[in-house]
Amino acid sequence: LVMVFYGSNGKSNPVSMENKVEHQAKSQISYDIHLPSDLGTLYKVRLGLQSLETSISQLSLHHFKMQNTSTLDTFSLTINKTLPFSLNGDRWIEFPVEWPLKEALFVVTYHLTVFSRNIWSVRNLVHMAVCIYGTHGDTGNRSLLWSLQNVQQGEDNESFLVTMDAVELGELDKVVLLISSRTDCKLDIKKLLLKEAAKEHPIYVFEVNETFSVSADMPEIEREIPVSFVIRGDKEKNYMDNKLSREESQARDLTEYTIKVYTGDKRGAGTDANMHIILFGNEDKSEVFQLSQSLEHQDPFERGKVDTFKIKTKKLGSLHSIEIGHDGKGFASGWFLEKVEITDASRNSLYCFNCNRWLAEDESDGATVVQLHPELLEF
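Residues numbered from 1 in each chain as written. Predicted model: local features only at pLDDT ≥ 70, side-chain atom pairs only at ≥ 80, totals over all residues. Heavy atoms only, no water.

Named according to an unreviewed UniProt entry, the protein chain is LOXH1 protein originating from Ceyx cyanopectus.

Structural data, given as structure tokens:
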């Protein structure tokens, strides 16, 4: 198992878990990892299997959690995926890191169309991988020939589609091809087209027009190909169509949650700090919601008061945890949270998240953000 961490100032070298200090518990392993201090703010993690052996055992990943031991900032994500995805499948997954009050990137599906003269005939003899680079980092080396789709064969050329999930890369600028073989053969590649699956444009075109001669005796061929040109299309129409389509789709899939926040009846329990909440379900997680418009009180989170908030977000499934806390701003920002109750009317479910602790820099562990797990009450 290997991890690569991406920060605002660059990325780490691959971190192998093999020699790290581990702490094992039931169905859980924790590792101590020391990352370079100059990475900046982490925004992405790539996690995968380094070995290319087809006989490798599958690894089922259910949940990922990491914590900065200095600041106690914590990131948690439900994965529920198995690597590799098939016998010769992609061995990597990646996901954005979301911190409280910081906007995160999204995972998108990329469509890579490869135009060639003979890949179909040599696909079982060669190994071909690609690394895509953009303004938000790269995808790492991702195997191509395991997921050929929509193969189109002509008299002297062929094309096929490869799908790849990755954290959005922003504007693309180059790809790197890596080619090796178990036997002598030639691989003739004409060009690559790359775009996001959900969008018609932009389409990034990478002209290759090269025949690669490979054999078992040769080292892996590595070829860097800058973007040749970009097909933008009607940008304004494209943007509006995509925007309307997203809004219509989101409106259909939104679920409303009623959130009741109970501030404890203790001296100094109230706060004027900025509050946020994130909901985690077995199907997805919500975005970060600022809790500022209480339905009962103009000044929320006062001692002994209950504040109600309504939010709409994508379907999350059954809730298994929440993150709630504040930014520590303002005079005497410490807050005593008794509990949070969340109602999901679409599932006839009421969740109670008991807390009964201070969220304050000058109390107990100094945490101002906490993750809570519920009792589920059907109604």
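Once you've had a look at it, read on.
K.L.:
What exactly am I supposed to notice about the overall build of the protein chain here?
P.N.:
The helix and strand inventory of the protein chain stands at 2 helices and 29 strands. When the 379 residues of the protein chain are sorted by exposure, 42% land in the buried category. Per element, the accessible surface of the protein chain, about 20,600 Å² overall, is 46% carbon and sulfur. (Helix = DSSP H or I, 4+ residues; strand = E, 2+ residues; numbered from the N terminus. Buried < 20%, exposed > 50% of the residue type's maximum accessible area, 1.4 Å probe, protein only. Areas by Shrake-Rupley, 256 points an atom, 1.4 Å probe, with all protein chains shown as cover.)

K.L.:
Can you walk me through the packing of aromatic side chains in this structure?
P.N.:
What characterises a pair of aromatic rings is the spacing of the ring centres plus the angle enclosed by the ring planes. Tallied over the full model, the rule gives 8 aromatic pairs. Here F64 and F75 contribute two aromatic rings whose centre-to-centre distance is 6.4 Å and whose plane-to-plane angle is 55°, an arrangement assigned as tilted. Taken together, the residues span a long stretch of sequence, with F64 in strand β7 (residues 59-67) and F75 in strand β8 (residues 74-83) at a distance of 11 residues. The exposure class of F64 is buried, given its relative accessible area of 8%. Ring geometry for F336 versus W358: centroids 5.4 Å apart, planes at 80°, classification edge-to-face. Within this pair, whereas F336 is found in strand β26 (residues 335-344), its partner W358 is found in strand β27 (residues 349-359), the two being separated by 22 residues in sequence. Under the relative-accessibility criterion, F336 is labelled buried at 9%. Members of the aromatic cluster, each reached through a chain of ring pairs, are F64, F75 and F95. Between the NZ or CZ atom of K191 and the centre of the ring of F115, over which it lies, the distance is 5.1 Å. (Phe/Tyr/Trp six-rings, centres within 6.5 Å; stacked < 30°, edge-to-face > 60°. Lys NZ or Arg CZ within 6 Å of the ring centre and 35° of its normal.)

K.L.:
Could you clarify how one ought to interpret unusual backbone geometry in this entry?
P.N.:
Among all residues save glycine, negative phi is the norm, and among peptide bonds the norm is trans. Going from H201 to P202, the amide bond is cis rather than trans, its omega being 0°. Within the element layout of this structure, P202 appears in the loop between β17 (185-196) and β18 (203-214). The backbone of L72 sits at a positive phi, close to 65°, despite the residue not being glycine. Mapped onto the elements, L72 comes out in the loop between β7 and β8.

K.L.:
Just to check I follow, could you spell out the environment of E94 for this structure?
P.N.:
Here E94 lies in strand β9 (residues 92-96). According to the relative accessible area criterion, E94 is buried, its value standing at 6%. Between the C-alpha atoms of E94 and G140, which are 46 residues apart in sequence, the distance is 9.8 Å. The residues contacting E94, other than those within four sequence positions of it, are K44, V45, R46, V107, D138, T139, R142, D165, A166 and V167. Engagement of the side chain of E94 in a polar contact is seen with the side chain of K44, the distance being 3.1 Å. (Contact = heavy atoms within 4.5 Å. Polar contact = N/O pair within 3.5 Å; in protein donor to acceptor, adjacent residues only side chain to side chain.)

K.L.:
Would you mind going over the sheet that holds strand β22 (residues 275-281) with me for this structure?
P.N.:
Think of a sheet as strands paired side by side through backbone hydrogen bonds, with each pair either parallel or antiparallel. Taken in spatial order, the 4 strands of this open sheet run β23-β22-β25-β28, and their pairing is antiparallel. On the outer flanks of this sheet lie β23 (289-290) and β28 (369-372), each paired with one strand and no other. In the sheet, β22 pairs with strand β25 (residues 319-326) via 7 bridges, with the strands oriented antiparallel. Paired with G281 across the strands is L319, a residue of β25. (Pairing = 2+ DSSP bridges.)

K.L.:
How should I be thinking about the pairing of strand β15 (residues 158-167) in this particular structure?
P.N.:
Every regular strand shows the same layout, with side chains that alternate between the two sheet faces. With respect to burial, β15 is a largely interior element, 8 of its 10 residues being buried. The pairing of strand β10 (residues 107-116) with β15 spans 10 bridges and is antiparallel. Bridged to S116 within β15 is E158.

K.L.:
Teacher, can you tell me more about empty space enclosed by the protein here?
P.N.:
Over the atoms, a rolling probe the size of a water molecule traces out where space has been left empty. Evaluation of the coordinates by the stated rule reveals 1 cavity of 30 Å³ or more. Along the walls of the largest cavity sit T74, F75, S76, E98, I278, F280, K285 and E323, which together make up its complete lining. If you list the elements that add at least two residues to the lining of the largest cavity, you get β8 and β22. Among the elements that line the lining of the largest cavity, the one with the most residues is β8, at 3 residues. Looking at the lining of the largest cavity, its residues break down into 3 nonpolar, 2 polar and 3 charged. Mapped onto the domain boundaries, the lining of the largest cavity takes at least three residues apiece from domain 1 (1-103) and domain 3 (254-372). (1 Å grid on protein atoms, 1.4 Å probe; cavity = no way out; pocket = protein on both sides within 12 Å on 5 of 7 lines; lining within 4 Å. Points joined across faces, edges and corners; volume = space filled by probe spheres on them. Nonpolar A, V, L, I, M, F, W, Y, C, P; charged D, E, K, R; others polar. Domains from an automatic or database assignment.)

K.L.:
Please explain the pattern of salt bridges as it appears in this structure.
P.N.:
Pairing between side chains of opposite charge can happen when the charged atoms of each approach one another. Across all of its chains, the model carries 15 salt bridges by this definition. For K339, the salt bridge is made with E341, and the minimal N-O distance between the two is 3.2 Å. Note on accessibility: K339 and E341 belong to one class, buried. What emerges from the salt-bridge pattern is a single network uniting K11, K44, R46, E94, D138 and R142. (Salt bridge = Lys/Arg side-chain N within 4 Å of Asp/Glu carboxyl O.)

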